[in-house]
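Here's the letter readout for the chains.
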Amino acid sequence: MAGLYKSSVGSDASQLKNNLSETSVETVLPTYYAKRVKFYNNLVSKADELSKLSGKVDNLYNSMVS
């Protein structure tokens, strides 16, 4: 079993972690970042629409109750 594992795996992992923390996801994974930004922007726009509709429903309900 000797020689099957590199002794520097731990230091390689540490170096990778340091490199990733020094860079942004946008730089390292631009396609992934672009897809996530598009996805979250879509969610935000839908949440805004839902909030507006909720306000309209509240106003309608309040006008009917009073």
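Structure shown above.
Let me sum up the structure you'll find in this document. Since the structure is predicted, the reported quantities are computational estimates derived from the model, not experimental observations. (Residues numbered from 1 in each chain as written. Predicted model: local features only at pLDDT ≥ 70, side-chain atom pairs only at ≥ 80, totals over all residues. Heavy atoms only, no water.)

### Some details on the overall build of the protein chain
Link 1 in the chain: Across its full length, the protein chain carries 3 helices and 0 strands.
Link 2 in the chain: Counted from the first residue to the last, the protein chain has its helices and strands arranged as α-α-α.
Link 3 in the chain: Buried residues in the protein chain amount to 0% of all 66 residues. (Helix = DSSP H or I, 4+ residues; strand = E, 2+ residues; numbered from the N terminus. Buried < 20%, exposed > 50% of the residue type's maximum accessible area, 1.4 Å probe, protein only.)

### What to know about the packing of aromatic side chains
Link 1 in the chain: Throughout the structure, instances matching the rule amount to 1 aromatic pair.
Link 2 in the chain: Cation over ring: arginine 36 sits above phenylalanine 39, and NZ or CZ is 4.8 Å from the ring centre. (Phe/Tyr/Trp six-rings, centres within 6.5 Å; stacked < 30°, edge-to-face > 60°. Lys NZ or Arg CZ within 6 Å of the ring centre and 35° of its normal.)

### Points about a nonpolar patch on the surface
Link 1 in the chain: Together, Val25, Val28, Leu29, Tyr32, Tyr33 and Val37 give the surface a local cluster of nonpolar side chains, amounting to about 500 Å² of exposed area.
Link 2 in the chain: Of all elements in the fold, only α2 (25-28) and α3 (30-65) reach the threshold of two or more residues within the nonpolar patch.
Link 3 in the chain: Mapped onto the elements, valine 25 comes out in helix α2.
Link 4 in the chain: A relative accessible area of 45% places valine 25 in the partly exposed class. (Patch = residues over 30% accessible without salt bridge, like charges linked within 9 Å, V, L, I, M, F, W, Y side chains within 5 Å. Areas by Shrake-Rupley, 256 points an atom, 1.4 Å probe, with all protein chains shown as cover. Salt bridge = Lys/Arg side-chain N within 4 Å of Asp/Glu carboxyl O.)

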